[in-house]
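Take a look at the letters that make up each chain.
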Amino acid sequence: MADARRPLMAGNWKMNLNHFEANLLVQKLAASLTEQQLADVEVAVLPPFTDLRTVQTAVDGDKLNIEYGAQDISTHKSGAYTGEIAGFMLEKLGCTYVLAGHSERREYHNEDDATVNAKVKAAYASNLTPILCVGEGLTIREENGHVGHCTAQVVAGLEGLTPEQVKRIVIAYEPVWAIGTGKTATPEDAQEVCGEIRARISEVYGAEVAGAVRVLYGGSVKAANIASIMVKPDVDGALIGGASLDAEEFASIVRYREHVAR
Ligand code: PEP
């Protein structure tokens, strides 16, 4: 079953890069990878909203085999919600993915599981694939509550979806203590939680659905550590922050099969 899951490397650019810089980065990234590498591993970038049109033009114009998406989506369809971006707008820009529940949204914008679930549903309503982010803070990890915390976030995020929708979702396990800190979870830590997430999905939606869902690891991923994470059976790719802002480093992560796992 694991062979059916094409690895996904998704770069979360966060609040970095203007549209000129975004264009340069996406072109450089594509030029650093062969057609075969881009066929073997799905590559996606998640730029700020203001860069999406530029990324769309670059991808369509040069027929780049790179997907793209947004970092957030409104729970509302349209209307008087100043500053919000609706799903239909992202769909029109050709987005494939949208993040839901990134820890920075949960922490700085008080997004709870109900809001994250509404964002997941808004994504499906506009034919976007949500990347549902879950993860524990340091205190929960130290109290050994990480598995229960993350699997509960997954179940809450998927609430009300059909099994077909769940099959298509991407889940990103990102221990909050490892994001942007340089501290990576060990490959065994990543496998433990990614495996438990898949097991929980299997309990709720069945083995076929669980076997189709891609579960990514995220948190200080770089070229030097990706190979050892990707050998784990329940890790299907990575959500990459800082390292995705450097075309060479990101491309090297995509080429993880050429590295020796340490
Ligand atoms: C992220 O923001 O999703 C992330 C994993 O960041 P970093 O790779 O910089 O830790």
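Structural data are supplied above this passage.
Residues numbered from 1 in each chain as written. Predicted model: local features only at pLDDT ≥ 70, side-chain atom pairs only at ≥ 80, totals over all residues. Heavy atoms only, no water.

Chemist: Which parts of the structure should I look at to understand the packing of helix α6 (residues 113-125) against helix α8 (residues 146-158)?
Modeler: Angle between the axes and distance between the axes: these two values describe a pair of packed helices. Interaxial distance between α6 and α8 falls to 7 Å at its minimum, and their mutual angle equals 50°. Considered as vectors, α6 and α8 are oriented oblique to each other. The handedness of the crossing between α6 and α8 is right-handed. Counted together, Asp 113, Asn 117 and Val 120 of α6 and Gln 153, Ala 156, Gly 157 and Leu 158 of α8 form the full contact between these two elements. Looking at the contact of α6 with α8 residue by residue, the classes come out as three nonpolar, three polar and one charged. (Axes fitted to C-alpha atoms, helices over the stretch in contact; angles between N-to-C directions. Helix = DSSP H or I, 4+ residues; strand = E, 2+ residues; numbered from the N terminus. Parallel < 35°, antiparallel > 145°, perpendicular 65-115°, else oblique. Left-handed = near helix turned anticlockwise from the far one by under 90°. Contact = heavy atoms within 4.5 Å. Nonpolar A, V, L, I, M, F, W, Y, C, P; charged D, E, K, R; others polar.)

Chemist: Could you clarify how one ought to interpret the site of the ligand in this entry?
Modeler: Looking at the ligand, there are 14 residues lining it, with Lys 14, Glu 174, Gly 180, Ser 220 and Gly 241 nearest. Here Asn 12 contributes a side-chain N or O atom positioned 3.3 Å from an oxygen atom of the ligand. Between the ligand and Glu 174, the relevant distance is 2.7 Å, taken from an oxygen atom to a side-chain nitrogen or oxygen of the residue. In isolation the ligand has 290 Å² of accessible area, and contact with the protein removes 95% of it. Class assignment for the residues of the shell around the ligand results in four nonpolar, eight polar and two charged. (Near = heavy atom within 4 Å. Polar contact = N/O pair within 3.5 Å; in protein donor to acceptor, adjacent residues only side chain to side chain. Areas by Shrake-Rupley, 256 points an atom, 1.4 Å probe, with all protein chains shown as cover.)

Chemist: Can you help me understand the environment of Gln 153 in this one?
Modeler: Tracing the backbone shows Gln 153 in helix α8. The spatial distance from the C-alpha of Gln 153 to the C-alpha of Val 55 is 31 Å, given a sequence separation of 98 residues. Not counting chain neighbours up to four residues away, the residues in contact with Gln 153 comprise Arg 106, Asp 113, Val 134 and Gly 135.

Chemist: Quick question: what am I supposed to make of the nonpolar core here?
Modeler: In globular proteins that are soluble, nonpolar side chains generally tend to be buried together. If you look at the biggest cluster of nonpolar residues, it comprises 70 residues, and the most contacted ones within it are Met 9, Ile 169, Ile 171, Ile 197, Ile 201 and Tyr 217. Apart from the residues within four sequence positions on either side, Tyr 217 is in contact with Tyr 173, Pro 175, Ala 178, Thr 184, Ala 185, Ala 190, Ile 229, Val 235, Gly 237, Ala 238 and Leu 239. (Core = buried A, V, L, I, M, F, W, Y, C linked by side-chain atoms within 4.5 Å. Buried < 20%, exposed > 50% of the residue type's maximum accessible area, 1.4 Å probe, protein only.)

Chemist: What's the story with the layout of surface pockets in this structure? I'm lost.
Modeler: In this approach the atoms are scanned with a rolling probe the size of a water molecule, which exposes any empty space left behind. For the largest pocket, the calculated volume is near 370 Å³. If you trace the largest pocket, you find 15 residues lining it, with Lys 14, Met 15, Gln 71, Asp 72 and Arg 105 closest to the centre. The biggest single contributor to the lining of the largest pocket is helix α5 (residues 103-108), with three residues. Residue composition of the lining of the largest pocket, grouped by class: six nonpolar, five polar and four charged. A volume near 200 Å³ is recorded for the second largest pocket. Along its surface, the second largest pocket is lined by 13 residues, and Pro 7, Met 230, Val 235, Tyr 256 and Arg 257 are the ones closest to its centre. Across the lining of the second largest pocket, the residue classes tally to eight nonpolar, one polar and four charged. (1 Å grid on protein atoms, 1.4 Å probe; cavity = no way out; pocket = protein on both sides within 12 Å on 5 of 7 lines; lining within 4 Å. Points joined across faces, edges and corners; volume = space filled by probe spheres on them.)

By themselves, these observations are geometric and do not establish any function.
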